[in-house]
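Summary of structural features
Here is how the chains run, residue by residue.
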Amino acid sequence: MSVSLQAPPAKSPVPQPPPAARRAGLLTPWILLLPGLLWLVVFFLVPILTSVGASVQTGNADQGYRLTWDWGNYGHGLSDYLPQYGHSLLYSVLCTVFCLLLGYPVAYCIAFRGGRFKSLLMALVVVPSFTSFLIRTIAWKTILSDNGPIVSVLNDLHVLNATTAMGWTVGNHVLASPAAVVFGMVYNFLPFMILPLYTSLEKIDPRLHEAGSDLYCDTFATWRRVTLPLSMPGVVGGTLLTFIPAVGDYINAQLLGNPNTGVVGQKIEDLFLRQTDGYPVGSAISVVLMAGTLILVLLYIRKAGTEDLI
Amino acid sequence: MTDSSSFDPARFVNATRARSTAAAMSRRSLLRGLSAGGLTVAGAAALSACGVKGHSTGAAGGAKIGLAGKDLSDQDKTLLWANWPAYIDVDDKNPNVHPTLDAFEKQSGVKVTYKEVINDNNDWYTHIDPSLSKGVFIGYDLMVVSDYMLPKYRANNYIQELDLANIPNHKNILPDVMKAPEDPGRRFSTPWAYGYTTIAYNKNLVHEPITSIAEVFTRPDLHGKVSLFSEMEDTMALALLATGHDPSNFTGAQFNQALDYVRKAKDAGQFRAFTGNDYLSDFQQGNTAVTMAYSGDVAQLGKPELTTVDLPKEGMLSWSDNMIIPNYARHKKNAELLMNYYLEPMVAAVLDDYIDYIPVVTGAVAELKKLDHTAASTPLIVPTAQMRAKARGFMAVSLAQLDDYTSRFQQVTGQ
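Residues numbered from 1 in each chain as written. Chains lettered and ligands numbered in written order. Predicted model: local features only at pLDDT ≥ 70, side-chain atom pairs only at ≥ 80, totals over all residues.

Moving on, we come to the overall build of chain A. A tally of helices and strands in chain A yields 13 helices and 2 strands. Computed over C-alpha atoms, the radius of gyration of chain A comes to 25 Å, more than 25% over the 19 Å expected from 2.2 N^0.38 for 310 residues, which places it beyond the range of a compact globule. Projected onto its principal axes, the C-alpha positions of chain A cover 75 × 60 × 35 Å. For chain A, the proportion of its 310 residues judged to be buried stands at 31%. Contacts spanning at least 24 positions in sequence make up 69% of the contacts within chain A whose residues lie at least 6 apart. (Helix = DSSP H or I, 4+ residues; strand = E, 2+ residues; numbered from the N terminus. Rg over C-alpha atoms; globule rule 2.2 N^0.38 Å. Buried ≥ 20, exposed ≤ 12 C-beta atoms within 10 Å, placed from the backbone. Contact = placed C-beta atoms within 7 Å.)

Moving on to the domain arrangement of chain B. Residue and element names in this part refer to chain B. Domain parsing of chain B yields domain 1 (9-194 + 322-380) and domain 2 (196-319 + 389-413). Of the residues lining the interface, 23 residues belong to domain 1; the matching set on domain 2 comes to 18 residues. Counting residues per element, the ones that place at least two in the side of domain 1 that touches domain 2 are α1 (9-19) and α6 (150-155). Here the side of domain 1 that touches domain 2 takes 5 residues from α1, the largest share from any one element. (Domains from an automatic or database assignment.)

Before going further, it helps to examine the interface of chain B and chain A. Residue-level contacts link 25 residues of chain B with 23 residues of chain A. Sorting elements by how many residues they give to the side of chain B that touches chain A places helix α18 (residues 399-413) of chain B first, with 6 residues. Of the residues contributing to the side of chain B that touches chain A, the split by class is 3 nonpolar, 17 polar and 5 charged. (Nonpolar A, V, L, I, M, F, W, Y, C, P; charged D, E, K, R; others polar.)

Residue and element names in this part refer to chain A. Positive phi values are uncommon outside glycine, yet A176 reaches one of about 55°. Inspection of the secondary structure puts A176 in the loop between α7 (159-165) and α8 (178-202). Residue classification places A176 among the buried positions, given that 30 C-beta atoms sit within 10 Å.

Moving on, we get to the confidence of the model for chain A. All names here are of chain A. Summing up the model confidence of chain A, the mean pLDDT is 88 and the portion of residues at 70 or higher is 90%. Averaged pLDDT values over the elements of chain A bottom out at 85 in strand β2 (residues 64-67) and peak at 96 in helix α3 (residues 82-113). The low-confidence segment residues 1-5 (pLDDT under 50) makes 0 contacts with residues lying over four places distant or belonging to another chain. (pLDDT = per-residue confidence, 0-100.)

Time to look at the environment of L241 of chain B. All names here are of chain B. Mapping L241 onto the fold places it in helix α9 (residues 232-242). Sequence-wise, L241 and P312 are 71 residues apart; in three dimensions their C-alpha atoms are separated by 9.8 Å. Sequence-distant contacts of L241, that is, excluding residues within four places in its chain, are made with I213, P247, E314 and G315.

This paragraph deals with helix α5 (residues 121-134) of chain B. Residues and elements named next belong to chain B. With 14 residues, α5 should cover 20 Å at 1.5 Å per step; its first-to-last C-alpha distance of 20 Å lies within 8% of that length. Taking the largest bend as the criterion, α5 deviates by roughly 40°, centred on I128, and proline P130 comes between one and four positions later. Regarding α5, the residues found buried are N121, N122, Y125, I128 and L132. At the C-terminal side of α5, G135 shows a positive phi close to 80°. (Expected span 1.5 Å × (residues − 1). Bend = angle between axes of the 7 residues up to and from the residue.)

Membership of the largest hydrophobic core comes to 164 residues, with the highest contact counts inside it found for A180, V186 and F189 of chain A together with L142, I199 and L338 of chain B. A domain-level breakdown of this core finds at least three residues from each of domain 1 (9-194 + 322-380) and domain 2 (196-319 + 389-413) of chain B. Apart from the residues lying within four places of it in its own chain, the contact partners of V186 of chain A are C95, F98, C99 and L102 of chain A. (Core = buried A, V, L, I, M, F, W, Y, C linked by C-beta atoms within 7 Å.)

All names here are of chain A. Interhelical geometry of α3 versus α8 gives an angle of 45° and a closest axis separation of 6 Å. The orientation of α3 with respect to α8, classified from their angle, is oblique. Relative to α8, α3 is oriented so that their crossing is right-handed. Along the lines of polarity and charge, the residues of the contact of α3 with α8 split into 24 nonpolar, 1 polar and 1 charged. (Axes fitted to C-alpha atoms, helices over the stretch in contact; angles between N-to-C directions. Parallel < 35°, antiparallel > 145°, perpendicular 65-115°, else oblique. Left-handed = near helix turned anticlockwise from the far one by under 90°.)

Attention shifts here to the confidence of the model for chain B. Residues and elements named next belong to chain B. Taken over all residues, the pLDDT of chain B has a mean of 84, while the share at 70 or more is 85%. Between the elements of chain B, mean pLDDT differs from a low of 35, seen in α1, to a high of 97, seen in helix α13 (residues 332-342). Scored below 50 in pLDDT, residues 1-61 makes 96 contacts in the model with residues more than four places away or belonging to other chains. Across the whole predicted complex the pTM is 0.79, and at the interface the ipTM reaches 0.73.

Before going further, it helps to spend a moment on the pairing of strand β9 (residues 316-324) of chain B. Residue and element names in this part refer to chain B. For β9, the buried fraction is high: 9 of the 9 residues fall into the buried class. Note: strand β3 (residues 142-146) against β9, 4 bridges, orientation antiparallel. Note on β9: the bridge partner recorded for S146 is D321. Judged from the 8 bridges that link them, strand β4 (residues 189-202) and β9 form a sheet pairing that is antiparallel. Bridging from a neighbouring strand, A193 pairs with D321 of β9. As paired elements, β9 and strand β10 (residues 391-392) share 2 bridges and run parallel to each other. Note on β10: the bridge partner recorded for M316 is A391. (Pairing = 2+ DSSP bridges.)

All names here are of chain A. Relative to each other, helix α2 (residues 72-80) and helix α13 (residues 279-304) sit at 75°, their axes nearing to 8 Å. Compared by their axis directions, α2 and α13 come out roughly perpendicular. The residues of α13 that touch α2, namely those facing N73, Y74, H76, G77 and L78, are P280, V281, A284, I285 and V288. When grouped by side-chain class, the residues that make up the contact of α2 with α13 number 7 nonpolar, 3 polar and no charged.

Spelled out as C-alpha cells, the structure:
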C-alpha cells in the first residue's frame, strides 16, 4: 500500500555489449521460455487439436475413423445431451456458491483468528485430500446410506419430506439425488476455495481493521468496505478453481446421483470408453464443454475485473 | 459377472461352509483326486503333440479363424489369463489361492498368471480393441467375455479357432450350450459360467413378494428403489419379456417398444441407478430394494432377507460367459489345456459350487450332488425343467445392430 516516492533512476552511460553478445541476449528469453512452450505444445496444443480433429470425423473403432469435417457431430451432441449440459452447469454453479458461502468464513477465521494455529488449521483443510477423492466419495455412500444414522435422523425431523417436495431429494433417502451430487461436489472442492481465499485474506494488514473501527465502522461494515474488496482476488481465484473442475466433474454424479442427474462428463466417459463409434460425438461434446467453460470464465473475469489476478 | 467391490471373502466362506460341512471334506479329497487325474491333462498334451499342427493348415480360405501369434506354449510353460473379479473358487484361508487353478498348475506344469481385470464387457472391448486392430498382442492368452459379445469379436476376426485336439473334454459341453447361436459347435469358445439374469429383492423393504418383471418397472411402492444393469443385453432382455416379446427373437419395432418402456419408467423416477458390477453393494446396504441380478450372486451373499426370484412370470434371460483366445496369444496351447481342464465334470462341479452358477458340463451335476448336496438342490444352480424351458438367450444380432442397440440404450440410461 506504500506509494513509491523514489525518483526514476538517472540514466547512466551503459557500455554497449558487442553484437554477438547482443544476439545471445535476444535469444535468452526464448531459450528460457522453451521448456514451458514445449510443455504447452505437447500437453495442451496437441491434445486440443486432436480433440477438435476427432470431433469432425466419421467412423468407428473397428473400421477406423476418417476426417470428413462432419460438423453434424456438434449438432447431435448438443441436441442429445442438452439435459446433461444443463445439469453440469447447474450443479457446478451451485457447488461454487456453496463453497464460497462455506469457505469464506473458514478462511476468514483461520486468517484473522487462527493465531499460532494457522498452519495447523490450514493443514486440517488440506489433509483429507491426501486420501483419494474417489475413496472419500465412496465413503459418503456409506455414511449417507438409506439405513444409516444420518438419514434416519433427517427422516425423523421430516427434513427429507421438505427437500423431496422441493425436488432436491428423492423419496426418503439422500443418496441418488441432486442434493447428494451437489453435496459431494461441495465436499470435494471446498479446499480449492479455501486456499486462495486464505492466501488473499492473510495478506490483509490487521491494522486496517483497527482503522475501520477508528472510523466508526462496525465489524460487518469493516468487512464489507475493507476486507471484502481486498479479498476479491481470492474470491475470483477460488471461484475459478472450484467452478472449472466442477463443471467437468462426473464422479460425484456417477456415485451419488441417479439416472436423472446425468452430467456431461459421464456422457463423455461413456462415449469414449463404452461405445465403439463414440469418439467423434464424444470429442464434439467435450470441445463444446471446454469452449463453453472458457467463454463463461472470460465473461466472469471481465465482469470481476481483477487484472491483478491474471 | 459377480461383484468386486462388495465381495467379502469371510462371508463367502461362511456361506459356503454353512451350506454343507461335508463340502469342505470332499473338496480336500477332491483336490487329491485332481492331482491323480493329472494323467488326463498329460494325455491331452501328448495328443496335441502328434495332432493337428495349428488351425491355419486346415482352415477354409477366407474364413475368419483369427490370427495366430507365435505359440511359445511348449518352451514357455506359462499362461496369462484375464477374468472377472470373484469369478473363481477361493481357498477358505487365503483369498488369493484358487484351489482348482493350483491343481491345474500342478498337473500341467503351466504357471498361470490370473488377473481379475475385466469389469464390463464394453469397457474391456474398447480397452483391447486398439491393440487387436493394430495386430498387437494384448498381454493375455485367455479371457472371459459374455456370449452376446462373441459375434463382435468374431466379426472383427479378433479371436482364434480352438484346436480341439487339445480339448478332448470339448465333447462334455451340454448340447444346448454347444449349439448356442453366438458360436454354434463351440469352435471358438468354451463356457466358463452359465446363469440367468433375473430379479432379486430385499424382503425387509419390499413387503409384497415380486413375481413378475413388469412389477419392477411399474409398481409404485418400488418407486426410486430399483436398480437395473447398465449392460444393454441384460436390461433390454427383461424389458422385452415384460412387454411380451421374446429376447431370443425380436424385431426392431419390438426393441423400440421395450426401450420406450424403460425410458418411461426411468423418466418417472422408478430407477435409482443403472449399475455394472457394483450392484450388490447398494443392494446389501439396503439402498436398493429391488435389483436385476445374476442368478448366482445373491446366493453368494448368504443373507436371508435378500431373495432371488427363481423364475419371473414372463421368463428370464439365460447367458453364458465364455473363455476365448485372442489373436496373437503367445500360449495358445496352454490356454486350450486350461479350457480342457475346466470342462472336466469334477472341476466344473467344484467351480460352480463355489461361484454358484449352473454347471454346463455333462456329468458335473452328478459330481456336484456328491460334493455338496445343498447346492445341488438349489434351483438357481441346478435349474428345474420349467426354468430351463422359460429362460431365453439373447438374439445373435449383427455388429451394426448391436452397436445401434447399445448406443440407443445408453442414451436412455442417461448416465
